[in-house]
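This is what each chain is made of:
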Amino acid sequence: MLELNFAPMWVEKNGVGVVVVIHDLTAIRRLEQLRKDFVANVSHELKTPITSIRGFAETLLDGAMQDDETCKEFLTIIYDESLRLQRLIADILDLSRIESRQLALQTEAILIKNVIEKIVIKVEKQRRMNGQQLEIDVPHNMTVSVDLDRFHQIILNLLTNAMAYTPNGGTIGLKVMEQKHNWTLQVTDNGIGIPEDDLPRIFERFYRVEKDRSRASGGTGLGLAIVKHLVEAHHGTIHVHSRVGKGTTFILDFPK
Ligand code: ADP
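Calculation criteria
Residues numbered from 1 in each chain as written. Predicted model: local features only at pLDDT ≥ 70, side-chain atom pairs only at ≥ 80, totals over all residues. Heavy atoms only, no water. Near = heavy atom within 4 Å. Polar contact = N/O pair within 3.5 Å; in protein donor to acceptor, adjacent residues only side chain to side chain. Areas by Shrake-Rupley, 256 points an atom, 1.4 Å probe, with all protein chains shown as cover. Nonpolar A, V, L, I, M, F, W, Y, C, P; charged D, E, K, R; others polar. Phe/Tyr/Trp six-rings, centres within 6.5 Å; stacked < 30°, edge-to-face > 60°. Helix = DSSP H or I, 4+ residues; strand = E, 2+ residues; numbered from the N terminus. Buried < 20%, exposed > 50% of the residue type's maximum accessible area, 1.4 Å probe, protein only. Lys NZ or Arg CZ within 6 Å of the ring centre and 35° of its normal. Pairing = 2+ DSSP bridges. Axes fitted to C-alpha atoms, helices over the stretch in contact; angles between N-to-C directions. Contact = heavy atoms within 4.5 Å.

Per an unreviewed UniProt entry, the recorded name for the protein chain is histidine kinase, and the organism is Polycladospora coralii.

A. Focus on the site of the ligand. Near the ligand you find 19 residues, and of these Tyr165, Ser214, Thr220, Gly221 and Leu224 are the closest. Note that an oxygen atom of the ligand is positioned 2.9 Å from one of the side-chain N or O atoms of Asn161. With respect to the ligand, the backbone of Gly221 contributes an N or O atom lying 2.8 Å from an oxygen atom. Within the complex, the protein chains bury 97% of what would otherwise be the 530 Å² of accessible surface of the ligand. Looking at the shell around the ligand, its residues break down into nine nonpolar, eight polar and two charged.

B. The packing of aromatic side chains, seen in detail. Across all of its chains, the model carries six aromatic pairs by this definition. Ring centres of Phe151 and Phe254 lie 6.4 Å apart, and the angle between their planes is 75 degrees; this geometry places the pair in the edge-to-face category. Of this pair, Phe151 sits in helix H4 (residues 148-164) while Phe254 sits in strand E9 (residues 247-255), and the two are 103 residues apart along the sequence. Judged on exposure class, the residue Phe151 and its partner Phe254 are both buried. Geometrically, the ring pair formed by Phe203 and Phe250 is edge-to-face, given 6.3 Å between the ring centres and 85 degrees between the ring planes. Of this pair, Phe203 sits in the loop between strand E7 (182-189) and helix H5 (211-216) while Phe250 sits in strand E9; the two residues are 47 residues apart in sequence, bridging distant segments of the chain. Phe250 carries the same exposure label as Phe203, and that label is buried. Grouped by ring-pair contacts, the aromatic residues Phe151, Trp183 and Phe254 constitute a single cluster. Sitting over the ring of Phe38, Arg205 keeps its end group 4.3 Å from the ring centre.

C. Quick look at the sheet that holds strand E8 (residues 237-243). Ordered in space as E4-E6-E7-E9-E8, the five strands form an open sheet in which the pairing is mixed. Only two strands of the sheet have a single partner each, and these edge strands are strand E4 (133-137) and E8. Within the sheet, the average angular offset between the axes of one strand and its neighbour, ignoring direction, is 10 degrees. Where E4 lies against strand E6 (residues 171-178), five bridges are found, and the strand directions are parallel. From the neighbouring strand, Leu134 faces E6, where its bridge partner is Ile172. Seen against the sheet, helix H3 (residues 112-130) touches E4, E6 and E7 and runs at an angle of roughly 180 degrees to E4. Packed onto the sheet, helix H6 (residues 223-233) meets E8 and E9 and runs at close to 140 degrees relative to E8.

Structure below.
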């Protein structure tokens, strides 16, 4: 239902002229609801690791510390959960900075091959552990005008997702293509895929197809929301194609 709010702003001195400002309250209420949902989600997401840290610390203090094995196991959980908390807080702050437009891009011309090489080194340990193939197809001398750190963040996010949602032994591809007026970056995997009904929602904050799988892989549920904002800040677009059990492709298009 459309809700309108009429606010008389100005009355002409010698006449009857009235300026009426119409606010669409539907949009305002929707924004307010989004904000409330976000706060509720953040509280819930923060509570989960904190409860776990507290529970395991309490059990240790209650005597479990006597047993070396248990002690090590519980401390590892506490350590992992504190890392998750740190990642979550970093992502929340990042997202709120981006959304309140406090993000100033420091654009520079970079050799795209160099950025990709650095990211490949970063994910190499995980890739080996997962026994996955990484196929890179990037033009040698292509330069692009981007914010280096933010661009790094975009690719790393998509690549770590592709690895997290692809079974061991799978293949992940990263391809960059140059056209006349734009250039395209594709991240492809032959992993679990995303159901058609979920596809339109995966860029929403905290939206996950499978909560448990996302948590197990260390995900915060904010990665794609951040990526979408960063791509748009570069005047680009992001699209996704996916088939359950076959794999997923993210396609990013940027103007030259
Ligand atoms: P998360 O931290 O949970 O990975 P993201 O915002 O990065 O959060 O992604 C949102 C959701 O989209 C994920 O929880 C997952 O369900 C789905 N998703 C993202 N990338 C892929 C992919 N390459 N293959 C399958 N599902 C994916």
